[in-house]
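As a plain string of letters, each chain reads:
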Amino acid sequence: MKSRHAEPAWMRVVVAVAVKDLRIEFRTRARSFTMAGFVVLVGVLFNYSIDQTLVRPQEIASGLTWITLILSGLIGVGRTFTIEARDGAFEGLLLTPAPRDAIYLGKVIANFLLVYAIVLLTVGVFGIFFHLDYGNHPLALLLCLAAGTLGFVALATLFGALTASTSLGESLLPILLFPLLVPMVVYGASASGRLLAGRPITEVMGQMRMLTAFAVLALGAGAALFGQIVED
Amino acid sequence: MKGRTGWIGVALALAGVAMSLVTLWLVFFRVGTDFRQGIVQRIFYLHVPAAWVAFMAFGIVALASAVYLWLGDERADMAALSAAEGGMVFTAIVLTSGPLWGKIAWGTYWTWEPRLTLTLLLGFIYVGYMMVRRATESPERGKRFAAVVGIIGAINIPLIHMSVYWFRSLHPDPVVLKPDGPTLDADMLQTLLVGLVAFTLLFTGLMILRYRVERARHALDIREAT
């Protein structure tokens, strides 16, 4: 029973927060259902927004996927902290001696799994809607989307916590987030676009590296600054 | 105007205004006309110094924000806010003078020229910085939030810069007339340098004066609270 009174090990906090968030999501299914419905319906709207006599949907599918990732991610991540604002649940979490960066990383992991699941759904649905054949390196495509999702979630979780305690709420999130997402969209859409077009993997290595650098930088900055946001 | 910083601010701002007038005189009466671009090139002497100040101001915002989060010193936050407001003004100058020049030199108000894009995004990061400050119940929290936005923005700007340049290399723009060679005529360089000094002085002076306003407001808040 020694560990009960000791300061909770950092890694255990990360896992506990991630599991807690995922359990809430699993029981309510509130975010996953709305996000899933969102991406399918966005696919439908995209289909009717493309005049197929002018442009082939396959050519712009990569860009559409990244935009859908961002918009559906906003719906999901934006709510992370508003859910917990009720009944002072998040204040309770902050009253524990849990390190702030561990709470942040736990939330990032939970949000990542949620958003990435939706990204996979998006790729599947768009694949059916727009007849994509996923190129020669489907694994690299999934990896590239994973790196992008991680960078997005790292920033969105940080700014989600920030906007949740402002009077403007989630409507402020795009203003803060979108300018910073430009590198992710530039490298991500290029890499996945080329992979979808069947180009060799060597052609996207540079973009993949930049996407990873973006994610690592976002995670580091988020972990370092999260404490400043949640402190009263 | 009590205290030394006030007079320094006034002196710098006045020197900036005087130098700006000198810059205008040089631009309109002294410097030679660019033989390829013609008269429109003269906007360059205001545009480039404004861009330099806009980015320098953001550097100050980020540094002062980091100091504020680190030491919790109110003065650092006031400096960051003053630099951000000044920076926004000069960003606005860049974003109006750039497209005006572009319309004549490139034939379009807007292209995805990387520096133009970067400045637009910088402007939006400034907007986010200002909005966050005013959107919290406790002003202290708003300052911390703004500092976080300022720091993350500064970390991200080099990445944005790299990515928009890289994107540009994918799409060479056919209408672009390459604006400036690396070699600039001596009188052009001179005018540009005068402009740079003028805008830097103007910005520094205005920032100091703005800082003093913020400090006076802070002192008033404390007096009213007690």
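Note that the structure is predicted; figures quoted are calculated from it, not measured.

Turning to the overall build of chain A, a few remarks are in order. A tally of regular secondary structure across chain A gives 11 helices and 0 strands. Against the 2.2 N^0.38 benchmark of 17 Å for 232 residues, chain A shows a C-alpha radius of gyration of 19 Å, consistent with a compact globule. Taken over the C-alpha atoms alone, chain A extends approximately 65 × 35 × 30 Å along its principal axes. Looking at chain A residue by residue over its 232 residues, the buried ones come to 44%. In chain A, the proportion of contacts linking residues at least 24 apart, taken out of those at least 6 apart, comes to 86%.

This part is about helix α7 (residues 100-130) of chain A. Over its 31 residues, α7(A) runs 43 Å from end to end, which matches the ideal 45 Å to within 8%, given 1.5 Å per residue. Phi for A:His131, located one or two positions after α7(A), is positive at around 55 degrees.

Compared with an ideal rise of 1.5 Å per residue, which puts 27 residues at 39 Å, helix α8 (residues 138-164) of chain A spans 37 Å between its outermost C-alpha atoms and is within 8% of the ideal. Burial analysis of α8(A) places 21 of its 27 residues in the buried class, which makes it a mostly covered element.

Turning our eyes to something else, we now look at the environment of B:Leu121. For B:Leu121, the position within the fold is in helix α4 (residues 114-134). Sequence-distant contacts of B:Leu121, that is, excluding residues within four places in its chain, are made with A:Pro179, A:Val182 and B:Ile160.

Facing 20 residues of chain A, the contacting portion of chain B comprises 25 residues. Elements supplying a minimum of two residues to the side of chain A that touches chain B: α9 (173-177), α10 (182-196) and α11 (205-230) of chain A. Residue composition of the side of chain A that touches chain B, by class: 16 nonpolar, 4 polar and no charged.

Glancing now at the nonpolar core. Inside soluble globular proteins, nonpolar side chains tend to come together where they are buried. The biggest cluster of nonpolar side chains holds 126 residues, and the ones touching the most others in it are B:Val61 and B:Ala80. Per element, the largest residue contribution to this core is 16 residues, and it comes from α7(A). Beyond its immediate chain neighbours, meaning those up to four positions away, B:Ala80 contacts B:Val61, B:Ala64, B:Ser65, B:Tyr68, B:Ala147 and B:Gly150.

All names here are of chain B. Within the secondary structure layout, Val40 lies in the loop between α1 (4-30) and α2 (44-71). Here the alpha-carbon distance between Val40 and Ser65, two residues 25 residues apart in the chain, equals 38 Å. Aside from chain neighbours lying at most four places away, what touches Val40 is Trp101, Ile104 and Ala105.

Residues and elements named next belong to chain B. Across chain B, the average pLDDT comes to 86, with 92% of residues at or above 70. When the elements of chain B are averaged for pLDDT, helix α5 (residues 139-170) gives the smallest value, 88, and α2 the largest, 93. When the criterion is pLDDT under 50, residues 172-178 qualifies, and its contacts beyond four places in sequence or with other chains add up to 8 contacts. ipTM for the predicted complex: 0.87, alongside a pTM of 0.88.

Residues and elements named next belong to chain A. One can describe the packing of α7 onto α11 by two numbers: an axis separation of 8 Å at closest approach and a directional angle of 120 degrees. Here α7 lies oblique to α11, going by the angle between them. Note that α7 runs across α11; the crossing there is right-handed. Along its contact with α7, which presents Arg100, Asp101, Tyr104, Leu105 and Val108, the element α11 presents Leu219, Gly222, Ala223, Phe226, Gly227 and Val230. Partitioning the contact of α7 with α11 into residue classes produces 7 nonpolar, 2 polar and 2 charged.

The next point concerns the packing of helix α3 (residues 30-49) of chain A against α7(A). Residues and elements named next belong to chain A. It is at 10 Å that the axes of α3 and α7 come closest, and there the two elements cross at 30 degrees. It follows from the interaxial angle that α3 and α7 lie roughly parallel. The two elements α3 and α7 meet at a crossing, and its hand is right-handed. Here Arg31, Ser32, Met35, Ala36, Val39, Val40, Gly43 and Asn47 of α3 lie close against α7, whose contacting residues are Leu114, Ile118, Leu121, Thr122, Val125, Phe126 and Phe129. Partitioning the contact of α3 with α7 into residue classes produces 10 nonpolar, 4 polar and 1 charged.

About the criteria used
- Residues numbered from 1 in each chain as written.
- Chains lettered and ligands numbered in written order.
- Predicted model: local features only at pLDDT ≥ 70, side-chain atom pairs only at ≥ 80, totals over all residues.
- Helix = DSSP H or I, 4+ residues; strand = E, 2+ residues; numbered from the N terminus.
- Rg over C-alpha atoms; globule rule 2.2 N^0.38 Å.
- Buried ≥ 20, exposed ≤ 12 C-beta atoms within 10 Å, placed from the backbone.
- Contact = placed C-beta atoms within 7 Å.
- Expected span 1.5 Å × (residues − 1).
- Nonpolar A, V, L, I, M, F, W, Y, C, P; charged D, E, K, R; others polar.
- Core = buried A, V, L, I, M, F, W, Y, C linked by C-beta atoms within 7 Å.
- pLDDT = per-residue confidence, 0-100.
- Axes fitted to C-alpha atoms, helices over the stretch in contact; angles between N-to-C directions.
- Parallel < 35°, antiparallel > 145°, perpendicular 65-115°, else oblique.
- Left-handed = near helix turned anticlockwise from the far one by under 90°.

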